[in-house]
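Residue-level structural notes
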Amino acid sequence: MAISAEMRARIEARVNEGVRDQWYPVAKSVEVRNDRPFGVVALGQKLVMWRTSDGSIKCIEDFCPHRGAPLSYGEIHGENIGCRYHGVVVDGTGTVQQVPAMPDCPMEGRKALRSYHVAEHSDAVFVFMSSDEATEPPELPLSPELTDPDWAGFLCTAVWDVNYRYALDNLADPMHGCYLHAESFTLAFGSKQDLLELDNRDDGFRVARVGQTGENFDWVEFETPEGGMYCHLDIPYPASAGPGGNMRIVGYVLPMGPQRCKVFFWRMRKVQGFERDSWRFLFRARLEERHWNVLEQDRVMLEGMDDDARKREMLYQHDIGLAHLRRALNRMARAQIEAEDAASADGVAAQ
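Residues numbered from 1 in each chain as written. Predicted model: local features only at pLDDT ≥ 70, side-chain atom pairs only at ≥ 80, totals over all residues. Heavy atoms only, no water.

Describing the UniProt feature "domain: Rieske" (unreviewed entry) in the protein
Here is the rule we go by: UniProt positions are given in the numbering used here, feature names are shortened, and annotations may be inferred rather than shown by experiment. Helix and strand assignments follow DSSP, with helices taken as H or I runs no shorter than four residues and strands as E runs no shorter than two, numbered in order from the N terminus.
UniProt's feature table lists "domain: Rieske" (unreviewed entry) at residues 23-127, given in the numbering used throughout. With 0% helix and 40% strand, residues 23-127 has its two end C-alpha atoms placed 5 Å apart.

Dropping the structure here:
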């Protein structure tokens, strides 16, 4: 069935801002504290988070219902958050609890703000960015390495001033490794000519180089379970990089705004006991700086691209991974829009 021009435009807009009804990492766990609020932006929405006395995290719109001041500039009052502008106190459901400047104010007791489901795992805070507050989230989708105690690693995050789609395209493109990162410690090897093959699966896909394995950034797997998207890939490590074999990268990308995103990369190796301690020390002492240099190469290249570069692309065989990824995002966006339109029509009919 042909898609109308209007629907195509709506799908493009939805994909560009970020697909809804998914879990996204938004912060490191250590950034969310119980003594001060923490503000983030996800899918264009300003959010504020804080910890309560039991260590759980609350997340609501970063907007004071009184005058719109950022609650993230405010203070924590027990389990609640207070605006620094006029002191209005709001709880974790978005309900006004107190207006100190005017006791018995009609605002008190009113739910004024949207709240969001939060989960915490592997040193990261995830928020379920649903279209409707009433939507119950699916289980937090996690890469298997994050739940397997045999794997150890570090969470690294960075904000890039580029639409999140460029960061995902970069991950779905194994061939850039031997060019962009040709002078890096781990990615300076392998052939600069090859073909790619795509393995389509029920919950994702794998794109890999045909002619070599274990020489460079030679493959990537994207997983698209219900409620999220992530990828993993291997970076070959020489013996001088310590125990554990290749380094596994687990990647998630948070859309923030039209030209801003935040990347979350867990850098991991399968090591236990003394080897785990050795790997962690070696990474902090010698390897981490080198990996940040590689990330910086990605950031600089992507930020230098025009935001509408997709309109002038001339893709070829090596781009099968990013083409497949884009189709998957379009399908998810279209399904969401059609479901929202159907729900809206049902609501009108019921009136």
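Structure's up, so let's keep going.
Considering helix H2 (residues 164-171)
Here is the rule we go by: Throughout, exposure labels follow a simple rule: accessible area from a 1.4 Å probe, protein chains only, divided by the maximum for the residue type, with under 20% read as buried, over 50% as exposed, and the rest as partly exposed.
Most of H2 is tucked away, with eight of its eight residues classed as buried. Listed in full, the buried residues belonging to H2 are Tyr-164, Arg-165, Tyr-166, Ala-167, Leu-168, Asp-169, Asn-170 and Leu-171.

A few points about the pattern of salt bridges
Put simply, the rule reads: Salt bridge criterion: a side-chain nitrogen from Lys or Arg within 4 Å of a carboxyl oxygen from Asp or Glu.
Throughout the structure, instances matching the rule amount to 24 salt bridges. Taking the shortest distance from any N to any O, the salt bridge between Arg-84 and Glu-75 comes out at 2.7 Å. The exposed category is assigned to Arg-84, whose relative accessible area is 57%. Note on Glu-75: relative accessible area 36%, which makes it partly exposed. Among the ionic contacts, a cluster of salt bridges with common partners joins Arg-14, Glu-17, Arg-20 and Glu-340.

Digging into the sheet that holds strand E9 (residues 118-121)
Short version of the rule: A pair of strands is labelled paired if DSSP reports no fewer than 2 bridges between them. What counts as an axis is a line fitted to C-alpha atoms, over the stretch in contact for a helix, and the angles between N-to-C directions run from 0 to 180 degrees.
An order of E1-E10-E9 is seen for the three strands of this open sheet, with the pairing classed as antiparallel. Every interior strand has two partners, whereas the edge strands, strand E1 (22-28) and E9, have only one. Pairwise comparison of adjacent strand axes, ignoring direction, gives a mean angle of 30° for this sheet. Of the pairings in the sheet, the one linking E9 to strand E10 (residues 124-129) comprises four bridges and is antiparallel in character. Its bridge partner lying in E10, Glu-120 is registered against Val-125.

With respect to the sheet that holds strand E3 (residues 45-51)
Backbone-to-backbone hydrogen bonds pair the strands of a sheet. The strands run either parallel or antiparallel. Pairing within the open sheet is antiparallel, and its three strands lie in the order E2-E3-E4. Every other strand in the sheet has two partners, leaving strand E2 (38-42) and strand E4 (57-61) as the edge strands with one partner each. Within this sheet the neighbouring strands show an average axis-to-axis angle of 30°, counted without direction. Both E2 and E3 contribute to a ladder of five bridges, which runs antiparallel. By the bridge assignment, Gly-39 is partnered in E3 with Val-48.

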